[in-house]
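Reading the structure
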Amino acid sequence: MQEPIIEVKNVSFYYPPLEVLEDVNLTVKKGEFLAIIGPNGGGKTTLLKIILGLLKPQKGEVYIAGKRVEELGKWRSKIGYVPQTAQIDYTFPITVEEFVMTGRFGLIGLGKRPQAHDWEMVRKALREVKMEEWSKKQIGELSGGQRQKILIARSLALEPEILILDEPTTAVDPESSESFYELLLRLHEQGITIITVSHDVGVVAQYVDSIACLNRRLIKHDRPEEVIREGVLEEMYGREAAFFHHGAIPHIVVRETPPER
Ligand SMILES: Nc1ncnc2c1ncn2[C@@H]1O[C@H](COP(=O)(O)OP(=O)(O)OP(=O)(O)O)[C@@H](O)[C@H]1O
Ligand SMILES: [Mg+2]
């Protein structure tokens, strides 16, 4: 078995008086491809931010590659993050390739200029998301889905060991969404540890090694078949939620309000 790369230990988090996460324990192995699912407000984004060290839990600890997340140092630049809502000023006059290069700034170092290798990594990242012909365009000229793709390219440009994506396919069409998971699968095969938040249970289940179900508590973290088999989805999304079975994998067609807290 692979060693753990991310360990979330007894994490509780409050936006007082609201308890957002309660005693969450989650271990992600090196190279694991994990999807986190759960209803709106279930604490998924909060958990990602805690893993990234952007929020500090009132209780518990997070370890990355054996180190407390607060003490990661340079290792931090090996974690790529695609946030759910990125605060980016798309009117800023910068080209797509320059934008993707900003992903490498942590590696290049303050005040240093990108070298040929850095540009090669940027081109590779843009190739991965099939946006290379847009390299010289201004970021303001992109559609919503294309913006999502260059955000992903930016996180790939830093050659991440861990890639954390928060609902990366929200703005992309279904066809691009499938090919997007194909892309994640290729990165997974290169050994990158991937955590993605998604509401497309049926789609992600076909690609990932494991699914973590989060609704304030971590309800389950197991292989997709196990999560689906045991009726965890119904428990989490509420009995009223309807599932449309497509092969062995259910698709959620009605997303109901989460069960009473
Ligand atoms: N800055 C904040 N201040 C106060 N409460 C917050 C803040 N951010 C999030 N919350 C609350 O914390 C809870 C968890 O939010 P979070 O964003 O982690 O949920 P989520 O699972 O990512 O939901 P979604 O699927 O809608 O993205 C919600 O009830 C939300 O209202
Ligand atoms: Mg969220």
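Just above sits the structure.
Only a predicted model underlies this, so the values are computations on that prediction, with no experimental measurement involved.

Attention shifts here to the overall build of the chain. Within the chain one finds nine helices and twelve strands. Within the chain, buried positions represent 37% of all 261 residues. Put simply, 64% of the contacts in the chain that link residues at least 6 apart link residues at least 24 apart.

Moving on: the sheet that holds strand β10 (residues 217–222). Strands sit in the order β6-β7-β8-β3-β9-β10 across an open sheet of six strands; the sheet is mixed. Each edge of the sheet is formed by a strand with only one pairing partner; in this case those strands are β6 (79–82) and β10. For this sheet the average axis-to-axis angle between neighbouring strands, irrespective of direction, equals 15°. With four bridges joining them, strand β3 (residues 33–37) and strand β8 (residues 193–197) adopt parallel strand pairing. Paired with F33 across the two strands is I194, which belongs to β8.

Moving on: the site of ligand 1. Taken together, Y15, L18, V20, G38, N40, G41, G42, G43, K44, T45, T46 and Q84 make up all the residues around ligand 1. Elements that contribute at least two residues to the shell around ligand 1 include exactly β2 (18–29) and α1 (44–51). In terms of residues, the shell around ligand 1 owes the most to one element, α1, which gives three residues. For the shell around ligand 1, the residue count by class is three nonpolar, eight polar and one charged.

Within the secondary structure, M121 sits in helix α4 (residues 116–128). On the basis of neighbour count, M121 is assigned to the buried category, with 21 C-beta atoms found within 10 Å. Once the C-alpha coordinates of M121 and R154 are considered, the two residues, 33 residues apart in sequence, prove to be 10.0 Å apart. Non-local contacts of M121, meaning those with residues more than four positions away in its chain, are made with R104, A157 and E159.

Before going further, it helps to examine helix α5 (residues 144–156). With 13 residues, α5 extends 19 Å from end C-alpha to end C-alpha; this agrees with the ideal 18 Å at 1.5 Å per step. Counting buried positions along α5 yields ten of 13 residues, so the element is predominantly enclosed. Looking only at α5, the buried set comprises Q146, Q148, K149, I150, L151, I152, A153, R154, S155 and L156.

The next point concerns α1. Judged by how many residues are buried, α1 sits mostly within the fold: six of eight residues are covered. Taken residue by residue, α1 has K44, T46, L47, L48, I50 and I51 as its buried positions. G53 occupies a position one or two residues after α1 and carries a positive phi of about 80°.

In space, the four strands of this open sheet follow the order β2-β1-β4-β5, with antiparallel pairing throughout. The open sheet has two edge strands, β2 and β5 (67–68), and neither has a second partner. Of the strand pairs in this sheet, strand β4 (residues 59–64) and β5 are connected by two bridges, and their pairing is antiparallel. Its bridge partner being in β5, Y63 is matched across the sheet by R68. Of the strands in this sheet, β1 (4–15), β2 and β4 touch α1, which is tilted by about 125° from β1.

Cut-off values and rules
- Residues numbered from 1 in each chain as written.
- Chains lettered and ligands numbered in written order.
- Predicted model: local features only at pLDDT ≥ 70, side-chain atom pairs only at ≥ 80, totals over all residues.
- Helix = DSSP H or I, 4+ residues; strand = E, 2+ residues; numbered from the N terminus.
- Buried ≥ 20, exposed ≤ 12 C-beta atoms within 10 Å, placed from the backbone.
- Contact = placed C-beta atoms within 7 Å.
- Pairing = 2+ DSSP bridges.
- Axes fitted to C-alpha atoms, helices over the stretch in contact; angles between N-to-C directions.
- Near = placed C-beta within 6 Å.
- Nonpolar A, V, L, I, M, F, W, Y, C, P; charged D, E, K, R; others polar.
- Expected span 1.5 Å × (residues − 1).

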